[in-house]
Structure formats: C-alpha cells, structure tokens
There are 2 protein chains.
Amino acid sequence: MRKELITLRNYMSEHHIDACYLPTADFHASEYVGDYFKAREYISGFTGSAGELIVTANKAGLWTDGRYFIQAERELRGSGIELYRSGVEGVPTPEEFLRIELPQQSVLAFDGRLVDGKTGTAFVALVEEKQGSVQADIDFVEEIWHERPQLSRKPAFELELEYCGETRESKCAWLAEEIKKAGCDYHVLSTLDDINWLLNIRGDDVTHVPVMLSYLIMKKEHVVLYAMDEAVAPVRASLEESGIEIRPYDSFYTDLATIPVDATVLLDKKRCNYRIISEIAGEIIDCDNPCILRKAIKNPTELKNIKQAHVKDGVAVTKFICWLKQEIGKSGVVITEATAADKLEEFRREQGILDISFDTISAYNENAAMMHYHASHETAAILKPQGFLLVDSGGHYREGTTDVTRTIVLGDIPQEWKLHYTTVCKSMFGLANAKFLYGCSGLSLDILSRGPLWKLGIDYRCGTGHGVGYLLNIHESPNGFRYKVVPERKDGCLLEEGMVTTDEPGVYIEGSHGIRIENELVCKKGLKNEYGQFMEFEAITYVPIDLDAIDCAYLTDEEIEYINSYHQLVYDKVAPYLSEEEKEWLKTATRNLTR
Amino acid sequence: MRKELITLRNYMSEHHIDACYLPTADFHASEYVGDYFKAREYISGFTGSAGELIVTANKAGLWTDGRYFIQAERELRGSGIELYRSGVEGVPTPEEFLRIELPQQSVLAFDGRLVDGKTGTAFVALVEEKQGSVQADIDFVEEIWHERPQLSRKPAFELELEYCGETRESKCAWLAEEIKKAGCDYHVLSTLDDINWLLNIRGDDVTHVPVMLSYLIMKKEHVVLYAMDEAVAPVRASLEESGIEIRPYDSFYTDLATIPVDATVLLDKKRCNYRIISEIAGEIIDCDNPCILRKAIKNPTELKNIKQAHVKDGVAVTKFICWLKQEIGKSGVVITEATAADKLEEFRREQGILDISFDTISAYNENAAMMHYHASHETAAILKPQGFLLVDSGGHYREGTTDVTRTIVLGDIPQEWKLHYTTVCKSMFGLANAKFLYGCSGLSLDILSRGPLWKLGIDYRCGTGHGVGYLLNIHESPNGFRYKVVPERKDGCLLEEGMVTTDEPGVYIEGSHGIRIENELVCKKGLKNEYGQFMEFEAITYVPIDLDAIDCAYLTDEEIEYINSYHQLVYDKVAPYLSEEEKEWLKTATRNLTR
C-alpha cells in the first residue's frame with residue numbers, strides 16, 4: 001500500500017474525518033494544473049490528467065475516464081487504491097460510491113476551492129441526508145504533503161495587439177455591456193484563460209498553459225484583478241494604465257464576501273468552484289460566462305497568426321518525421337519514445353515556441369493503445385524499424401497554439417493495421433471536408449468522422465475533437481465534435497465562423513497498436529444561397545500523413561483526391577523552410593496517391 | 001377579398017373583438033384534423049396541413065412552413081391574407097406580429113381547446129401587458145361557418161392481440177405504475193393516438209388517421225374514457241369488461257375541473273391544449289407522456305405485422321409503377337397526377353387497406369418542387385412521357401401503416417436531374433446503412449442523408465424523417481432525423497431497437513422539378529462488443545427505385561452494391577405476388593447496376 005495513502009488515513013483518523021474527496025483541480029476549474037495542485041497524483045500515484053480520489057477508512061477509489069483505463073490500471077497496481085472506470089456500465093459514480101460507503105453521521109472533507117459547484121452542492125446534500133457534516137474549507141493536503149511546491153507566481157507578460165487583435169479596453173467595454181444586458185451589477189471570473197484573454201496578458205503558472213494565476217471581479221465597468229505581486233509585476237503599469245485595479249491574489253475570497261446582499265452577480269456556476277458560490281451573498285444570475293463564446297471565435301488577426309503558427313509547427317513536425325524515418329533502423333542508433341519526443345521538442349524550439357502546449361504523447365505500437373500514454377525516459381520503449389509511432393504534440397507560439405497528431409510508419413505493418421490506418425484517414429478527411437448549413441453543432445457532424453470506423457465495429461471512446469485556445473488552453477470550449485450530448489463537456493455550441501476545432505479520430509487496440517491522425521480545422525463561411533449560409537472547414541495543420549500505411553483499396557476516388565490536394569497544400573506551406581534534403585524527402589512523402 | 005374573411009371581420013366588429021387567432025388544430029393536438037376542425041382552411045382558403053391565421057380589423061396573416069411556401073402563395077392570392085413564411089429570417093412569428101399589431105386594451109379571441117398550452121399562455125401574457133383581455137372559451141367559427149360538418153363519431157373497432165401484441169390490461173397496468181413512479185395521483189391524456197394505442201381500439205374520426213375522438217383520465221389504476229356514444233358503441237362491452245369506465249365526450253372538461261386542488265396530475269403540457277391546463281386545479285407534474293416512447297418502440301408482434309404490411313404495400317406500389325411506366329405515352333391514354341393517385345389507391349385497396357394513410361402526393365415535374373402539393377382532379381397536370389412523377393403515399397393496414405415515396409422517370413430527363421436523383425439515392429442509402437453505437441439520436445445521424453446534398457449546395461428544408469405509428473399517426477414522435485434541435489418537433493429521442501422511422505431526403509427546385517425517395521427503417525441491435533452496443537437499420541419498404549435516373553458515375557462501388565442488394569430484397573419480397581408480366585418488368589426494374 002502507498003505510504004502517502006497511509007499518511008492520509010492517519011491524518012483522517014486524528015481529525016475524525018470519515019472520507020476525503022480529492023479531485024484533479026486547481027482553484028480555477030483548469031483542466032491541467034500547476035505542481036502545487038498535484039495532490040491527487042501525490043497521494044494515488046496515478047499520473048493521468050483526469051481523476052478523482054476518494055479515501056475512507058477502509059476503501060480508496062480512483063475514478064478516471066476511458067482515455068486512462070489502461071494506464072491507471074498499471075499505475076494503481078499495489079497502491080491499495082481501486083480503479084473505477086467512469087462511464088462504464090455498472091460502475092458507480094463518486095457520488096453513488098459515497099452514498100453506499102458513507103455511514104450515517106459521517107464527516108466528509110474536501111477543499112471547496114478545488115470542487116466544482118455542482119459536485120460540492122450534491123455532496124453537501126448527500127451528507128446532510130446522512131445527518132453528517134462537511135468540512136469544505138479544509139486543505140488537508142497541506143498537512144500531509146511536506147514537500148509541496150509553492151503556488152506558482154512566474155512573471156506575466158503582455159500579448160501585443162499584433163497578436164491578440166483587440167485591445168483590453170475594447171474587450172472590457174464589451175464585457176461590461178454584456179453584464180448590463182444580463183441585468184447584473186457584478187461579474188466574477190475565476191477561469192484563467194478567460195481572465196488572461198480578456199486582459200491580453202499571459203503567464204506561466206500552469207504546466208504547459210501560459211496563464212497567470214488570478215481572479216477577477218467586475219463591478220459595472222470597473223475591473224479588479226487579483227494576482228500575486230511577483231507574477232503581475234511586469235504588466236502592472238500597463239494594466240493600471242488601462243484602468244484595471246490590481247489587488248493581492250489572497251484577498252479574493254475576502255473581497256468576494258463583501259459583495260452586498262442586494263447585488264446581482266453574473267456567475268457561470270458550471271465554471272467556478274464551490275467556495276466562490278458559497279461566498280457570494282448577492283443574487284447569482286447563473287449563465288454562460290460571456291467570454292467563452294467570444295474567445296472561441298478567433299478574430300481575423302488571431303486567425304492570420306494561427307495559420308502562421310501552424311506553418312512553423314508544420315516545419316518542426318515535418319523535420320521530425322523526416323529525421324525519424326531516416327534514422328530508424330540505422331545500426332548503432334537508439335531512439336526511444338522519450339528521446340523521439342525530445343527531438344521533436346528541439347525542432348519546435350528552433351521554430352521559437354514559448355513552450356510545448358501539453359506533454360507530448362510519443363507511443364510505440366501497443367503503448368499507443370493507451371490514449372494519453374506518457375513515456376518517461378525510464379520506461380520508454382525502444383523504437384524498432386517496424387510498426388507505428390503515434391506522436392500527439394503541440395506548441396505555444398506567440399502566433400497561437402497548435403495540436404497535431406501523426407502516426408508514423410517505422411517499418412513493416414500487418415494488413416489489418418493498414419485497414420485501420422486508412423480508415424482513420426477516411427474518418428479524419430470525412431469531417432474535414434464537410435459542407436453544412438449554419439445551425440449545426442459538432443453533434444450533427446461527428447459521424448462524418450466516426451462513421452467509417454463504426455462500420456468496422458470500432459469506436460474511439462472519446463470526442464472527435466475539441467476547441468483550441470490562442471496561446472491558452474489546448475482544450476477550449478464551447479466547440480467540439482461528439483456524438484452524444486455530454487453536458488459537463490460544454491462543447492455543444494453551434495459552429496461559428498472563426499472557431500478552431502481539432503479533428504482526431506483513432507483506433508486503439510489494447511495490447512496491439514494505436515492510431516490517431518489529427519488536423520486542426522477553422523470553421524469558415526462557404527456558399528450562401530436560397531437554402532441559407534453554408535459553412536465549411538479549412539485544414540490549418542500542415543504535416544504530411546504517412547502514405548506508407550495507406551491502402552487505396554479502402555478509399556473512394558474522392559477521398560484519394562482529398563488526400564492528394566491536402567498533401568499539395570502541406571508541401572507548398574512547409575517546403576520553403578526545409579533544407580534541400582528535407583525538401584526532397586517531403587516531395588516523396590506528399591506524392592500523389594493513385595490506384 | 002374572401003367573403004369568409006369579411007364575415008369573420010363583421011362578427012369581430014359586432015362582438016368587439018380586435019384580433020382572432022386560429023391555428024390548424026383539433027382539441028387533441030392532432031397533426032391532421034377532422035372536417036369539423038377545418039376552420040382555418042374554411043376562412044383562408046389555404047389547404048395545406050399546417051398553418052396559423054390571425055385576423056385583425058385591417059390585417060390578416062397566414063403562417064406556414066417551408067413545405068407549403070409555394071402552395072400557400074398560390075392559394076392565398078387575392079384572398080386579402082398575407083403569407084408569413086415561418087422560419088425565414090426577418091419574418092415575425094404570430095406572437096411578434098400580435099405584439100406589433102395589437103393596440104393597447106385590445107380583445108384577443110381564440111378557442112382554448114385548439115391552442116397549445118405554451119402559445120395560449122404566451123398570448124395571455126402578451127395581452128395582459130397591453131392591458132387588454134383574452135376570450136379563450138369562444139368558438140367564433142361556430143357562429144360564422146353555417147355549413148360546418150358535425151363532430152365525427154364513426155364506429156370504433158377493436159385491434160385484436162394478433163395485431164397489437166399486448167393487452168390493454170397490461171398496457172394500463174404499466175401506465176398506472178409509471179404514474180405512481182412519477183409521484184402522481186392522476187394522469188390526463190388527450191392525444192388520440194396515445195388513447196387509442198393504450199386501449200387497443202381504433203376509429204375513423206380524423207381524416208386518414210384511424211382513431212376515435214376521446215379523452216382519458218386515469219386516477220391511479222382506474223381509467224375513464226370520454227367518447228361519443230355512437231363511436232364507442234362497438235367496443236363498449238369489451239372496454240367495460242377490461243374495467244374501463246366510459247363517460248360522454250362532452251363531460252370531459254366538467255370532470256377535469258373536479259380534480260381536487262391537492263391532487264398531483266401527470267400532464268404532458270407540450271401535448272395538450274390550453275383549456276386542459278387551465279381547468280386543472282391540482283398540481284401539474286409536467287413531463288413526457290409515458291405512452292409516447294413505449295408506443296414508438298414497436299413490439300415483436302407489431303414489427304412482424306409491419307413488415308407484412310410493407311410487403312402488401314410494396315406489391316401495390318410496384319404494380320402501380322409498372323402500370324404507369326407501361327401506359328405513359330401510349331396514344332389515346334390520358335393520365336393526370338390525380339388519376340395516377342386514384343389508380344395507386346385502387347392497387348392499395350386490392351391489398352386490403354382500411355384507408356390511405358394521408359392524402360397522396362402525386363406531383364409532376366415543377367409541381368413536385370412543392371413538398372406537400374395536392375392535385376385535385378380540376379387542377380391536376382397531365383403526365384407526359386418526359387420528366388419525373390413524384391408519388392408520396394401510404395396505407396393503413398391492420399398490420400400497420402406505411403409511408404413510401406418514389407420518383408418515377410416518365411421519359412427523357414436532363415443530366416442535372418440525374419445528378420440530383422442519384423444524389424438523393426446516395427443520401428437515402430447513406431442513412432439507411434448507418435452503423436452506430438447506442439446513444440445516438442437522429443440528430444447525430446441526419447448528415448448521413450443530408451451530407452451528399454449539402455456538398456452540392458442543396459438542402460431540403462425539412463427533417464430527413466419521422467416516426468411512423470402502427471395504424472395510427474403517419475408522423476409519430478419521439479423519433480426522427482433532423483440536423484438541428486427543434487424542441488417543438490419533439491423528435492430528438494435516442495434511437496431504440498424497434499423504432500420505425502422514415503428516411504426521405506429530396507431535392508426541390510422551384511419551377512423545375514422535385515425528387516424525393518423514401519424508405520422506412522426499423523432500428524435494430526447489431527454487433528455488441530467491447531465498444532458497446534452497435535445499432536443499425538433494416539429497410540422495410542419494398543419498392544424498386546427507378547434506375548433510369550441513376551448515373552453510376554456519381555456513386556461509389558459501395559453505394560452501387562447497396563442499391564443492388566436492396567433491389568434483390570425488393571424482388572424477393574414482392575415478386576411472388578405479381579403477375580408473370582409484372583414479374584418480368586420487376587426483374588428488369590431491379591437489375592444489377594454496373595459501371
């Protein structure tokens with residue numbers, strides 16, 4: 001049994017706590033969290049990016065989703081913690097688990113700043129039913145995690161107009177108008193990407209997400225930003241010049257409690273923590289945070305930049321694939337999943353990234369069946385000149401954030417893998433080439449990608465794609481592709497001109513291989529006629545797709561044409577930045593497919 | 001100006017009414033209505049199946065949807081009534097119209113039994129804002145329509161167990177359980193198909209819908225049916241034997257008003273009229289009427305029967321097409337849209353229909369661009385040996401209800417029509433051959449049908465398909481195919497095994513031609529594996545698709561295979577019931593397509 005689990009249980013017993021709930025979260029409902037917040041990983045040993053831990057005196061459970069089933073099973077082995085596969089038939093949710101396991105009059109502890117409003121409210125109700133009590137302002141992790149890193153406070157920086165395309169004054173004026181339209185006096189924002197987007201600042205406080213830890217309270221036009229001194233220092237003068245008041249990060253909850261009882265507060269309860277909701281005395285008008293949709297609709301400056309970022313990123317990834325295909329199998333050359341990822345990061349650094357946009361997934365053959373596998377240098381597999389290497393990676397550039405997956409053929413592959421690979425191409429391009437009337441959400445289009453795989457009796461058990469932030473979150477709502485409504489994903493909005501969404505179908509065969517091919521798509525207006533406004537996508541990822549695994553027998557003529565024209569685009573965008581040798585290689589890699 | 005409009009205005013002026021609202025409805029939220037209820041048609045002259053009329057002292061407007069724009073424009077010409085195209089940008093809704101046109105302190109009149117709850121409530125609120133008043137219990141039509149037909153009361157009949165597959169006792173026991181589960185004492189049903197389904201009876205009180213006019217109140221297990229004596233007579237003994245109490249149709253609203261204030265009533269407010277909602281004093285628990293979903297999931301007996309109905313129907317329609325293709329262009333033979341429809345009805349009568357399931361649409365060339373065109377004998381076009389005849393028709397058999405559309409080639413057609421026709425086939429089969437994981441609604445699949453047409457920049461401006469009742473409504477919720485959520489259509493449920501839905505994409509080019517091809521699909525379980533339960537469709541319409549308009553150049557090999565295997569199925573099902581000559585013709589009509 002993990003010693004961290006034992007320590008926690010000892011603490012619980014001393015403090016008369018019957019159950020602890022620990023999600024993977026920070027105070028800002030971020031998807032990825034800074035090191036300070038990695039308590040769930042510290043206690044459980046499970047390193048995936050999503051998971052919830054519940055510990056009672058004699059049981060411990062970790063919940064995670066389909067992306068992580070295989071990885072969690074391996075990482076939890078011998079930990080004393082049982083894996084609960086979220087979404088699988090018959091598996092109880094954390095709430096159902098607590099309903100069963102928690103005796104009458106129990107004490108349940110969680111940090112209300114880490115728990116979303118809905119979950120916090122549900123837990124409080126559940127415990128009340130059992131005549132128990134909740135301790136929601138307890139940071140029990142602080143007590144047992146002695147080497148806990150400090151809360152990050154790295155220097156923020158300004159994102160100039162040439163990158164963001166709209167001044168913070170203009171954005172704040174628009175937001176003040178939205179608050180007014182909603183009939184509210186106040187607006188409280190705690191989501192870091194919204195705050196950083198609104199103020200045209202960026203930071204470095206969350207792993208691979210360039211944002212500054214902060215809260216924001218707007219009272220009519222007046223904006224108060226809560227941030228740590230060391231972090232905000234480089235942008236303080238500029239922000240103050242724009243009329244933004246800056247107060248200490250620590251004083252946010254205290255200030256929040258001073259909002260008068262008769263005030264109305266626009267608050268997106270789905271996107272903030274339980275503590276925020278509890279502290280507000282005024283009337284909460286719960287609706288979508290207005291920044292969400294506006295941020296997702298990239299402006300023309302952002303779009304121009306994003307395409308430029310993708311050219312740089314395409315150059316890096318193309319150089320990487322060229323290097324890998326040439327090096328693999330050379331005698332004396334040892335490449336592992338991890339050193340390959342390092343090499344790719346090196347190529348991206350040459351292109352000027354601020355950071356990679358998430359931990360690179362570099363997964364060889366059966367490892368790639370784990371959708372979000374991460375290879376450490378210690379455990380990484382050695383690549384051989386056979387099978388597939390799946391590489392899912394991206395970079396943050398001043399010109400935007402990228403996310404691209406390619407599955408690279410390292411040598412011989414069985415015919416079934418070609419069928420799977422070719423079908424994934426068919427899927428990816430099926431969606432990319434959609435024409436649709438305005439009024440569709442991703443829900444109506446998802447089957448264009450998933451359909452060809454469903455015909456083979458295969459599913460990839462996750463959404464087809466997600467929105468991508470501009471030098472912000474790699475997973476950005478409210479746009480996405482998915483076949484059933486999953487309210488908590490908040491990605492079911494109508495597709496609007498200027499939205500950027502990934503298109504990343506895959507095949508994951510446990511113990512054998514994994515394939516994913518991912519392009520980013522910009523939604524654009526197409527033909528407008530008597531039927532309405534047609535919409536379409538433009539692919540903005542410029543990286544060759546490995547033709548060595550494509551069998552044209554599985555493709556229609558139309559699909560072959562798509563692939564050829566996509567490869568022509570890739571060549572035109574990327575070739576100017578390559579060496580002669582690389583250019584030669586790319587010429588072959590993007591050759592025309594024929595039957 | 002229409003004299004009926006003048007008469008109405010005179011009546012309004014005498015009774016100090018400033019505006020009248022008249023939807024197309026009966027007391028039971030039926031889609032189609034009996035003759036007694038055709039007041040909107042009587043006053044406006046517009047014969048389409050959907051429309052709302054508003055008359056004020058100096059304005060008169062008729063609202064209808066895309067299916068009827070062309071027809072309404074023609075029928076309203078010179079009537080003094082303006083057409084409002086529902087759903088078109090910039091066109092006000094009836095509510096918006098009233099908000100603009102109604103002066104302060106106006107009197108608005110409507111019959112609360114004809115108006116749905118949401119609309120009634122909205123109108124009352126709107127008029128109150130203007131300090132006016134509403135007369136919602138006024139049947140102003142009665143006063144001005146002197147030759148109004150009487151309320152239908154045709155004899156009902158019993159649907160035996162071999163047809164319906166479940167006794168009324170079993171259905172009522174299940175429903176009593178549902179009411180209990182919802183925490184209710186009462187359940188009020190006014191939708192005719194639900195009542196007739198629940199009690200295994202049918203009638204003949206609504207044009208082409210074999211139902212008996214009735215209401216139903218359940219108090220725990222006790223069922224009270226409200227019906228007219230003459231109608232219920234043939235089934236009275238049998239119903240009473242099952243413990244059903246029968247009371248006069250007229251006493252429903254009086255009885256409704258006696259439900260105690262402290263009772264809880266399960267009522268599907270979306271599916272009942274304003275008057276019902278107003279009369280109930282008890283607490284209304286507003287939720288989906290439980291019969292809706294259960295009725296849509298056809299039981300094995302019903303499914304077996306439905307397929308049998310489709311064989312009979314397939315024989316009738318095949319004989320019709322064979323007859324038409326052989327007769328057309330023969331010298332001396334005159335066939336019109338209307339006589340063709342008559343001939344088809346004759347073939348169906350030979351197969352034993354109780355009635356046709358809706359007014360046959362028999363539309364030649366440009367007439368077919370009007371989606372719900374109806375040809376009278378006076379106005380019907382004469383068919384020539386060129387172009388297309390679109391025929392959308394169906395029958396009610398004891399074994400079930402059918403709905404099928406074929407577009408028949410009468411002679412030469414331009415290449416563009418072939419492109420359109422072939423693409424409609426591609427669309428229809430694209431959806432029919434879907435494989436999908438359980439959890440999809442029609443929303444996620446719609447693009448399989450609409451997608452190929454969208455690629456041509458064409459849309460058909462309506463849903464792709466609707467549920468079909470069993471000897472009940474031709475349009476039955478809650479299943480359907482549609483690309484955006486339209487809450488009032490109530491057709492967005494998950495697709496369940498046993499649901500029957502139509503698949504009917506089309507192309508409608510105003511002034512030129514119209515194409516629609518429609519099969520009915522049964523949803524079935526397919527492969528079940530580690531990814532979940534896959535679902536698929538079985539086509540149960542057995543009528544050849546005219547190969548004379550198909551150009552294989554627009555099809556993939558897979559699509560050609562689909563069409564060939566479908567035609568093999570049609571031949572196998574239908575040929576045994578044809579004459580030698582017809583069989584010979586069908587052999588050719590279902591020949592294998594090759595490139």
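The rules we used
Residues numbered from 1 in each chain as written. Chains lettered and ligands numbered in written order. Predicted model: local features only at pLDDT ≥ 70, side-chain atom pairs only at ≥ 80, totals over all residues. Heavy atoms only, no water. Helix = DSSP H or I, 4+ residues; strand = E, 2+ residues; numbered from the N terminus. Rg over C-alpha atoms; globule rule 2.2 N^0.38 Å. Buried < 20%, exposed > 50% of the residue type's maximum accessible area, 1.4 Å probe, protein only. Contact = heavy atoms within 4.5 Å. Lys, Arg positive; Asp, Glu negative; His and termini not counted. Charge placed at Lys NZ, Arg CZ, Asp CG, Glu CD. Phe/Tyr/Trp six-rings, centres within 6.5 Å; stacked < 30°, edge-to-face > 60°. Lys NZ or Arg CZ within 6 Å of the ring centre and 35° of its normal. 1 Å grid on protein atoms, 1.4 Å probe; cavity = no way out; pocket = protein on both sides within 12 Å on 5 of 7 lines; lining within 4 Å. Points joined across faces, edges and corners; volume = space filled by probe spheres on them. Nonpolar A, V, L, I, M, F, W, Y, C, P; charged D, E, K, R; others polar. Buried area = accessible area lost by both parts, 1.4 Å probe. Salt bridge = Lys/Arg side-chain N within 4 Å of Asp/Glu carboxyl O. Polar contact = N/O pair within 3.5 Å; in protein donor to acceptor, adjacent residues only side chain to side chain. Pairing = 2+ DSSP bridges. Right-handed = clockwise from strand over helix to strand, strands pointing away. Axes fitted to C-alpha atoms, helices over the stretch in contact; angles between N-to-C directions. Least-squares fit on C-alpha atoms with pLDDT ≥ 70 in both. pLDDT = per-residue confidence, 0-100. Parallel < 35°, antiparallel > 145°, perpendicular 65-115°, else oblique. Left-handed = near helix turned anticlockwise from the far one by under 90°. Expected span 1.5 Å × (residues − 1). Disulfide = S-S within 2.5 Å.

Chemist: Got a minute to help me understand the overall build of chain A in this structure?
Modeler: What chain A contains, in helices and strands, is 19 helices and 28 strands. Its C-alpha radius of gyration of 25 Å places chain A within 12% of the 25 Å reference for a compact globule of 595 residues. Taken over the C-alpha atoms alone, chain A extends approximately 70 × 55 × 45 Å along its principal axes. Here chain A, with 595 residues, has 61% of them falling under the buried criterion. A separation of at least 24 residues holds for 68% of the contacts in chain A among residues at least 6 apart in sequence. If you average the places of the 64 positive and of the 95 negative side-chain charges in chain A, the two averages end up 3 Å apart.

Chemist: So what exactly am I meant to see when it comes to the packing of aromatic side chains here?
Modeler: For any pair of aromatic rings, the description rests on two quantities: the centre-to-centre distance and the angle between the ring planes. The final tally for this structure, using the stated rule, is 46 aromatic pairs over all chains. Summarising the aromatic geometry, the rings of A:Phe252 and A:Tyr253 are spaced 4.9 Å apart at their centres and angled 75° between planes, so their arrangement reads as edge-to-face. The structure contains a cluster of three or more aromatic residues connected by ring pairs, namely A:Tyr215, A:Tyr226, A:Tyr249, A:Phe252 and A:Tyr253. Here the basic side chain of A:Arg85 rests over the ring of A:Phe69, its NZ or CZ set 5.8 Å away from the ring centre. Over the ring of B:Tyr253 we find B:Arg275, and its NZ or CZ is 4.7 Å from the ring centre.

Chemist: Please clarify how empty space enclosed by the protein should be interpreted in this entry.
Modeler: One water molecule sets the probe size; rolling that probe over the atoms shows where empty space is left. Residue and element names in this part refer to chain A. Inspection of every chain in the model, using the stated rule, returns four cavities of 30 Å³ or more. Within this model, the largest cavity holds a volume of roughly 50 Å³. Lining the largest cavity, in full, are His-187, Val-188, Leu-189, Ser-190, Thr-191, Leu-267, Asp-268, Arg-271, Cys-272 and Asn-289. In terms of residue class, the lining of the largest cavity is built from four nonpolar, four polar and two charged.

Chemist: Looking at this model, I keep getting lost on the interface of chain A and chain B. Mind explaining?
Modeler: Counting residues at the interface gives 30 residues for chain A, matched by 30 residues for chain B. Buried area between chain A and chain B, summed over both chains or domains, comes out near 2600 Å², and the portion from carbon and sulfur atoms is 59%. Between chain A and chain B we count zero salt bridges in total. Remark: the boundary between chain A and chain B carries 10 residue pairs in polar contact (both at pLDDT 80 or more). Those elements that provide at least two residues to the side of chain A that touches chain B are β21 (435-437), α17 (442-455), β25 (506-509), β27 (519-529) and α18 (557-574) of chain A. Of the residues forming the side of chain A that touches chain B, the biggest block, seven residues, is contributed by α17(A).

Chemist: Would you mind showing me how to read the pairing of strand β3 (residues 60-64) of chain A here?
Modeler: A regular strand places its side chains on the two faces of the sheet in alternate fashion. Residues and elements named next belong to chain A. Most of β3 is tucked away: five of the five residues are buried. Here β3 shows two buried faces, one formed by Ala-60, Leu-62 and Thr-64 and the other by Gly-61 and Trp-63. Where strand β2 (residues 52-56) hands over to β3, the hairpin turn is made up of three residues, counted between the paired strands. Bridge count for β3 against strand β4 (residues 82-85) is four bridges, and the pairing is parallel. The residue bridging Gly-61 from the neighbouring strand is Glu-82, located in β4. After leaving β3, the chain enters helix α3 (residues 69-76) and then returns to the sheet as β4, a path that is right-handed.

Chemist: How should the sheet that holds strand β15 (residues 355-356) of chain A be read in this particular structure?
Modeler: The pairing of strands in a sheet comes from backbone hydrogen bonds and takes either a parallel or an antiparallel form. Residue and element names in this part refer to chain A. Ordered in space as β15-β18-β19, the three strands form an open sheet in which the pairing is antiparallel. Of all strands in the sheet, those bounded by a partner on one side alone are β15 and β19 (400-401). Note that strand β18 (residues 395-397) and β19 share two bridges and pair antiparallel. Within β19, the position partnered with Tyr-397 by the bridge is Gly-400. Lying on the sheet, helix α14 (residues 300-327) is in contact with β18 and β19; it crosses β18 at an angle near 130°.

Chemist: Help me understand the relation of the copies chain A and chain B, please; the structure alone is not making it clear to me.
Modeler: Note: a rotation about an axis with an accompanying shift along it relates these two copies of the chain. Rotating chain A by 180° about the axis while translating it 0.0 Å along that axis superimposes it on chain B, leaving an RMSD of 0.0 Å. As the rotation angle and translation indicate, the two copies are arranged about a two-fold axis. Identified as the residue of chain A closest to the rotation axis by C-alpha distance is A:Ser444, at 2.3 Å.

Chemist: Just checking my understanding: could you explain the confidence of the model for chain A for this structure?
Modeler: Low pLDDT marks stretches whose predicted atomic positions should not be read closely. Averaged over every residue, the pLDDT of chain A is 96; the share at 70 or more is 100%. Both scores are available for the predicted complex, with the pTM at 0.91 and the ipTM at 0.90.

Chemist: Would you mind showing me how to read the packing of helix α8 (residues 168-181) of chain A against helix α9 (residues 192-199) of chain A here?
Modeler: A pair of packed helices is characterised by two quantities: the angle between their axes and the separation of those axes. All names here are of chain A. It is the contact of α8 with α9, at a shortest axis distance of 7 Å, that shows an interaxial angle of 120°. One finds that α8 runs oblique with respect to α9. Across from Arg-168, Lys-171, Cys-172, Trp-174 and Leu-175 in α8, the residues of α9 making contact are Trp-197, Leu-198 and Leu-199. Split into classes, the residues belonging to the contact of α8 with α9 amount to six nonpolar, no polar and two charged.

Chemist: Mind showing me how you'd approach the pattern of salt bridges here?
Modeler: Side chains that differ in sign of charge can pair as their charged atoms come close. All names here are of chain A. Following the criterion strictly, the structure yields 104 salt bridges over all chains and no others. When the shortest N-O distance is used, the salt bridge between Lys-307 and Glu-538 registers 3.2 Å. On the criterion of sequence distance, the pair formed by Lys-307 in helix α14 and Glu-538 in strand β28 (residues 532-539) is long-range, its members being 231 residues apart. Between Glu-504 and Arg-516 there is a salt bridge, and its shortest N-O distance comes to 3.7 Å. Highlighted residues: Glu-504 in the loop between β24 (500-503) and β25 and Arg-516 in strand β26 (residues 513-516), separated in sequence by 12 residues.

Chemist: Would you explain the side chain of A:Asp446 in this entry?
Modeler: Positionally, A:Asp446 belongs in helix α17. Residue A:Asp446 is classed as buried on the basis of its relative accessible area of 0%.

Chemist: Can you help me understand the sheet that holds strand β16 (residues 361-364) of chain A in this one?
Modeler: All names here are of chain A. The three strands lie next to each other as β16-β17-β20, forming an open sheet whose pairing is antiparallel. Two strands bound the open sheet, and with one partner strand each, they are β16 and β20 (404-409). On average, each strand axis in the sheet is tilted by 10° relative to the strand beside it, whichever way the strands run.

Chemist: Quick question: what am I supposed to make of the side chain of B:Thr264 here?
Modeler: All names here are of chain B. The topology assignment puts Thr-264 in strand β13 (residues 264-267). Residue Thr-264 is classed as buried on the basis of its relative accessible area, which comes to 14%. A distance of 3.2 Å separates a polar side-chain atom of Thr-264 from the backbone oxygen of Gly-183.

Chemist: Looking at this structure, how should I read the pairing of strand β3 (residues 60-64) of chain B?
Modeler: In this structure, strand β2 (residues 52-56) of chain B lies alongside β3(B), joined through four bridges in antiparallel fashion. Across the sheet, the residue bridging to B:Ile54 is B:Gly61, located in β3(B).

Chemist: Explain the environment of A:Lys304 to me, please; I cannot follow it from the model alone.
Modeler: Residues and elements named next belong to chain A. Positionally, Lys-304 belongs in helix α14. For Lys-304, a relative accessible area of 61% translates into the label exposed. C-alpha separation for the pair Lys-304 and Gly-400, spaced 96 residues apart in sequence, amounts to 9.7 Å.

Chemist: Sorry if this is basic, but what is going on with the packing of helix α14 (residues 300-327) of chain B against helix α15 (residues 337-350) of chain B here?
Modeler: Residues and elements named next belong to chain B. Following both chains from N to C, one finds α14 and α15 inclined at 140°, their axes separated by 8 Å at the closest point. As the angle between them shows, α14 and α15 are arranged oblique. As for how α14 packs across α15, the hand of that crossing is right-handed. Between α14, through Asp-313, Ala-316, Val-317, Lys-319, Phe-320 and Trp-323, and α15, the contact on the second element is made entirely by Ala-340, Lys-343, Leu-344, Phe-347 and Arg-348. Counted by class, the contact of α14 with α15 contains seven nonpolar, no polar and four charged residues.

Chemist: Can you walk me through helix α1 (residues 3-14) of chain B in this structure?
Modeler: All names here are of chain B. Given a rise of 1.5 Å per residue, 12 residues ought to cover 16 Å, and the 17 Å separating the end C-alpha atoms of α1 matches this to within 8%. Structurally, α1 contributes buried residues whose contacts are with β1 (19-23), α2 (39-44), β2, β3 and α6 (140-144). One or two positions beyond α1, positive phi appears at His-16, with a value near 55°.

Chemist: I tried to follow unusual backbone geometry on my own but got confused; where do I start?
Modeler: Trans is the common state for peptide bonds, and a negative phi is the common state for residues other than glycine. A:Ser477 connects to A:Pro478 through a cis peptide bond whose omega is 10°. Notably, A:Asn365 is not glycine yet its phi reads approximately 40°, a positive angle. Of note, B:Gln105 is a non-glycine position whose phi angle comes to about 60°, a positive value. Of note, B:Gln105 is situated in the loop between α4 (94-101) and β5 (107-109).

Chemist: Before we go on, may I ask you to explain the state of the cysteines in this structure?
Modeler: Any covalent bond linking the sulfur atoms of two cysteines counts as a disulfide. Within the structure shown, the criterion is met by zero disulfides over all chains. A:Cys287 provides the cysteine sulfur closest to A:Cys184, a residue in no disulfide bond, and the two sulfurs are 6.5 Å apart. By relative accessible area, which is 7% here, A:Cys184 ends up buried. Looking at the unpaired B:Cys425, the closest cysteine sulfur is the one in B:Cys552, lying at 10 Å.

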